[in-house]
Amino acid sequence: VVELLAALENLSRPELVRRPDADDVSHLKVVAVVVYGRSERVEILSRYLVQNLRRNGGILDEVRFVVYQAATMDLHFLSGLLA
């Protein structure tokens, strides 16, 4: 959390912002939080999320979906995606 706050403070100074690689975050638990509402938005995003999971060579340990105003059809899509 402290590292994240420091990085956010440095966003106004591009020379201080550096992209973390897998070695930099290997000791951290990295969780992506996705606000979910429409299946067509997440259908494409899900491929990148899976690709970036740590088990697939990425840096994400976990992906959490926060459901916001999703229709029944969209909830069925999310269920299938998580199965």
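Reading the values: rules and limits
- Residues numbered from 1 in each chain as written.
- Predicted model: local features only at pLDDT ≥ 70, side-chain atom pairs only at ≥ 80, totals over all residues.
- Heavy atoms only, no water.
- Core = buried A, V, L, I, M, F, W, Y, C linked by side-chain atoms within 4.5 Å.
- Buried < 20%, exposed > 50% of the residue type's maximum accessible area, 1.4 Å probe, protein only.
- Helix = DSSP H or I, 4+ residues; strand = E, 2+ residues; numbered from the N terminus.
- Salt bridge = Lys/Arg side-chain N within 4 Å of Asp/Glu carboxyl O.
- Expected span 1.5 Å × (residues − 1).
- Bend = angle between axes of the 7 residues up to and from the residue.
- Contact = heavy atoms within 4.5 Å.
- Patch = residues over 30% accessible without salt bridge, like charges linked within 9 Å, V, L, I, M, F, W, Y side chains within 5 Å.
- Areas by Shrake-Rupley, 256 points an atom, 1.4 Å probe, with all protein chains shown as cover.
- Phe/Tyr/Trp six-rings, centres within 6.5 Å; stacked < 30°, edge-to-face > 60°.

S.K.: Tell me about the nonpolar core, and name the residues and values.
M.R.: Counting 10 residues, the largest nonpolar core is built from Val25, Val30, Ala32, Val34, Tyr36, Val42, Leu49, Leu53, Leu60 and Leu78. Put simply, the parts of the chain that give this core at least two residues each are β1 (31-36) and α2 (39-51). With 3 residues, β1 is the largest single contributor of residues to this core.

S.K.: How would you explain the pattern of salt bridges if you had to name every residue and give the values?
M.R.: Considering all chains together, one arrives at 3 salt bridges under this definition. Across the pair arginine 54 and aspartate 61 runs a salt bridge, and its minimum N-O distance is 2.6 Å. Connected through shared salt-bridge partners, Lys29, Glu62 and Arg64 make up one network.

S.K.: So, α2: which residues are in play, and what are the values?
M.R.: The end-to-end C-alpha separation of α2 is 18 Å, in line with the 18 Å expected for 13 residues at 1.5 Å each. Roughly 35° is the biggest bend found in α2, and it falls at leucine 45. Considering only its buried residues, α2 is in contact with β1, β2 (62-67) and α3 (72-82).

S.K.: Any details on a nonpolar patch on the surface? Residues and values, ideally.
M.R.: A contiguous nonpolar surface patch, about 470 Å² in accessible area, is contributed by Val31, Val33, Val35, Val66 and Tyr68. Inspection of the secondary structure assignment puts valine 31 in strand β1.

S.K.: Kindly report on the side chain of aspartate 74, identifying the contributing residues and their values.
M.R.: Relative to the assigned elements, aspartate 74 resides in helix α3. Those residues in contact with aspartate 74, other than ones at most four positions away along the chain, are Tyr36, Gly37, Arg38 and Ser39.

S.K.: Any details on the environment of glycine 58? Residues and values, ideally.
M.R.: Relative to the helices and strands, glycine 58 resides in the loop between α2 and β2. In contact with glycine 58, not counting residues within four places along its chain, are Gln51, Asn52 and Leu53.

S.K.: Residues and numbers for the packing of aromatic side chains, please.
M.R.: A full pass over the atoms with the stated rule returns 1 aromatic pair. With a centroid separation of 6.2 Å and an interplanar angle of 90°, the aromatic rings of tyrosine 36 and phenylalanine 65 are classed as edge-to-face. Of this pair, tyrosine 36 sits in strand β1 while phenylalanine 65 sits in strand β2, and the two are 29 residues apart along the sequence. The exposure class assigned to tyrosine 36 is buried, which follows from its relative accessible area of 0%.

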